[in-house]
Amino acid sequence: MKKVLIVEDDQFIREMYTLILTKAGYEVTEALDGKIGLGLAQEGGYDVILLDLMMPNLDGLGFLTQLKEKPAKKKNGPIIVL
């Protein structure tokens with residue numbers, strides 16, 4: 001099963017993505033902000049990461065910068081910026 005990480009602070013949007021992707025057969029992990037998402041992404045193993053740019057605690061650009069500085073333990077697939 002393909003694994004997707006959704007890093008999105010807007011609950012409605014996050015739930016919409018989760019519903020659609022789960023019905024399509026993906027295993028979905030949700031992160032409520034960039035800081036939580038970064039920790040999950042650094043563990044790695046996701047086939048794709050959906051990343052919001054404007055979030056509290058750590059925005060999308062900060063997420064990308066920190067992930068580049070401290071890469072994932074297990075390789076992740078592409079990051080799609082929303």
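Scroll up for the structure.
Report follows, based on the coordinates. (Residues numbered from 1 in each chain as written. Predicted model: local features only at pLDDT ≥ 70, side-chain atom pairs only at ≥ 80, totals over all residues. Heavy atoms only, no water.)

1. Quick notes on the pairing of strand β3 (residues 48–51)
Along a regular strand, successive side chains alternate from one face of the sheet to the other.
Move 1: Across the two faces of β3 the burial is the same, with V48 and L50 and I49 and L51 all buried.
Move 2: As a crossover connection, the stretch from β3 through helix α3 (residues 60–69) into strand β4 (residues 79–81) is right-handed. (Buried < 20%, exposed > 50% of the residue type's maximum accessible area, 1.4 Å probe, protein only. Helix = DSSP H or I, 4+ residues; strand = E, 2+ residues; numbered from the N terminus. Right-handed = clockwise from strand over helix to strand, strands pointing away.)

2. Notes on helix α2 (residues 34–43)
Move 1: All of the buried residues along α2 are G34, G37, L38, A41 and Q42. Summarising the axial view, the buried residues of α2 lie within an arc of 130°, below the 170-degree limit, and thus occupy one face.
Move 2: Tucked into the core, α2 has its buried residues touching β1 (3–7), β2 (27–31), β3 and α3.
Move 3: Two or three places before K35, at the start of α2, stands the capping residue D33, its side-chain oxygen 3.0 Å from that residue's backbone nitrogen.
Move 4: Positive phi shows up at G44, right after α2, with a value of about 85°. (Arc of directions from axis to C-beta. Contact = heavy atoms within 4.5 Å. Polar contact = N/O pair within 3.5 Å; in protein donor to acceptor, adjacent residues only side chain to side chain.)

Everything listed is a geometric property; what it means functionally is a separate question.
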